[in-house]
Amino acid sequence: MIKLITIDIDGTLVTPMKRITKNTEKIIKKASENGLYIALASGRPFSGMKSYIDKLSLNKENSFSVTQNGAYIHRNSNGAVVAKNCLRTTDLKFVEKFLKKFKLQMGFMDEKFFYTNEKLPNIFLIGDSFIAKRKLRRVNFKNFNEDKEFGRILVMGNNKNITNFSNNLPKELSEKYYCVRTERYLFEIIAKKTNKGKGVYDLSNMLNVKKNEIMSIGNELNDIPMFEESGLSIAMGNSSEYVKNFADFVTLSNKKDGVYFAIDKLLKNKCENFTKNSKI
């Protein structure tokens, strides 16, 4: 029986306009009222998830969110960090030297702020600061203490340059970190053993929930580790064919209430795993 549902935000929970439909809001609240744990799991920081947490009434003492692709787990009631696996200032210095030839810029986040060392931040860094609901702070990270912690590094640029970087990822980075492209303009670098799957694994242990009692819903490459830690994995209809191949079930797209469809199907099946290797 499913006891925990983990849900990605962008491309999954929200429409392309970044809104939660009424059907999705109602079904998530219904699932929560029926005793299921609901956890949002996103690359976003907690600040960029808070409005959705509040809208879905997930701001309870026993509700949690996996943020920054698993770097942090927050308690929804007060935003407190209850688990983390972070990068350090030395990692920023190491990554920066590989970016110049790709014409890309770098941002980085801890649990409170969004930083960049760029003198003229590009439109992608500025835009992401709005999504994260954090003002972009220009800093010289070389002045930080060596042991200062960061959740993730955001490598940002146009689609052409990000594709070039992704296709020619330096071996030194892929061996040292968990690296994943999450948007056309964004490539993320995180601590080696950190991803949404690890975050969901740690959260499930906190809640005393087993792997076969977890249903996860997502649409991107960074959701695959979360699928692998779930008994029932759901890919959105707007996922790539590559991502769909890792899922047990493919629901509708985020334009057509895909999250609502999947959770409604689960509830109608009395919270039991309803299918294997199925599509609509």
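What you see is a predicted model; the values in this text were computed from it and never measured. (Residues numbered from 1 in each chain as written. Predicted model: local features only at pLDDT ≥ 70, side-chain atom pairs only at ≥ 80, totals over all residues. Heavy atoms only, no water.)

### What about the sheet that holds strand 4 (residues 72-75)?
Then step 1. With respect to topology, 3 strands assemble into an open sheet ordered 3-4-5, the strand pairing being antiparallel. Sheet topology places strand 3 (64-67) and strand 5 (81-84) at the edges, where each strand pairs with a single neighbour. The mean angle between the axes of side-by-side strands here comes to 20 degrees, regardless of whether they run parallel or antiparallel.
Then step 2. Inspection of the sheet shows strand 3 paired to strand 4 by 4 bridges, in the antiparallel sense. (Pairing = 2+ DSSP bridges. Helix = DSSP H or I, 4+ residues; strand = E, 2+ residues; numbered from the N terminus. Axes fitted to C-alpha atoms, helices over the stretch in contact; angles between N-to-C directions.)

### Brief notes about the packing of aromatic side chains
Then step 1. Evaluation of the coordinates by the stated rule reveals 14 aromatic pairs.
Then step 2. Here the aromatic rings of F108 and F141 are separated by 5.7 Å at their centres, their planes lie at 90 degrees, and the arrangement is edge-to-face. Of this pair, F108 sits in strand 7 (residues 105-109) while F141 sits in the loop between strand 9 (136-138) and strand 10 (149-150), placing them 33 residues apart in sequence.
Then step 3. Its relative accessible area of 0% is what places F108 among the buried residues.
Then step 4. The exposure class assigned to F141 is buried, which follows from its relative accessible area of 1%.
Then step 5. On the basis of an interplanar angle of 65 degrees and a centroid distance of 6.1 Å, the ring pair of F113 and Y115 is categorised as edge-to-face.
Then step 6. Residue F113 is classed as partly exposed on the basis of its relative accessible area of 28%.
Then step 7. Judged by its relative accessible area of 6%, Y115 falls in the buried class.
Then step 8. Taken together, the aromatic side chains of F108, F113, Y115, F141, F144 and F150 make up a single cluster linked through ring pairs. (Phe/Tyr/Trp six-rings, centres within 6.5 Å; stacked < 30°, edge-to-face > 60°. Buried < 20%, exposed > 50% of the residue type's maximum accessible area, 1.4 Å probe, protein only.)

### Side note on helix 6 (residues 159-167)
Then step 1. Within helix 6, burial applies to N161, I162 and F165. Here the buried residues of helix 6 occupy an arc of 100 degrees about the axis, which is enough to place them on one side. Within helix 6, the exposed residues directed more than 90 degrees away from the buried face are K160 and N167.
Then step 2. Among the structural elements, strand 11 (152-156), helix 7 (171-176), strand 12 (177-183) and strand 13 (186-191) are those in contact with the buried residues of helix 6.
Then step 3. Where helix 6 begins, the side chain of N158 points an oxygen toward the backbone nitrogen of K160, at a separation of 3.2 Å. (Arc of directions from axis to C-beta. Contact = heavy atoms within 4.5 Å. Polar contact = N/O pair within 3.5 Å; in protein donor to acceptor, adjacent residues only side chain to side chain.)

### Points about empty space enclosed by the protein
Then step 1. Evaluation of the coordinates by the stated rule reveals 2 cavities of 30 Å³ or more.
Then step 2. Of the volumes computed, that of the largest cavity is approximately 250 Å³.
Then step 3. Lining the largest cavity are 21 residues, with D10, G43, R44, E183 and E188 positioned closest to its centre.
Then step 4. Only helix 5 (123-132), strand 12 and strand 13 provide two or more residues apiece to the lining of the largest cavity.
Then step 5. Counting residues per element, the lining of the largest cavity draws most heavily on helix 5, which supplies 3 residues.
Then step 6. Each residue belonging to the lining of the largest cavity can be placed in one class, and the counts come to 6 nonpolar, 5 polar and 10 charged.
Then step 7. Of the voids in this model, the second largest cavity is the one considered here, and its volume is about 30 Å³.
Then step 8. Lining the second largest cavity are T12, L13, T21, T24, N254, D257, G258 and V259.
Then step 9. Counting only elements with at least two residues in the lining of the second largest cavity, the list comes to helix 1 (9-13) and helix 11 (258-268).
Then step 10. Residue composition of the lining of the second largest cavity, by class: 2 nonpolar, 5 polar and 1 charged. (1 Å grid on protein atoms, 1.4 Å probe; cavity = no way out; pocket = protein on both sides within 12 Å on 5 of 7 lines; lining within 4 Å. Points joined across faces, edges and corners; volume = space filled by probe spheres on them. Nonpolar A, V, L, I, M, F, W, Y, C, P; charged D, E, K, R; others polar.)

### Concerning the layout of surface pockets
It is the rolling of a water-molecule-sized probe over the atoms that shows where space remains empty.
Then step 1. Taken as a whole, the largest pocket holds about 210 Å³ of empty space.
Then step 2. Along its surface, the largest pocket is lined by 14 residues, and G11, E183, N219, E220 and N238 are the ones closest to its centre.
Then step 3. Those elements that provide at least two residues to the lining of the largest pocket are helix 1 and strand 12.
Then step 4. For the lining of the largest pocket, the residue count by class is 3 nonpolar, 7 polar and 4 charged.

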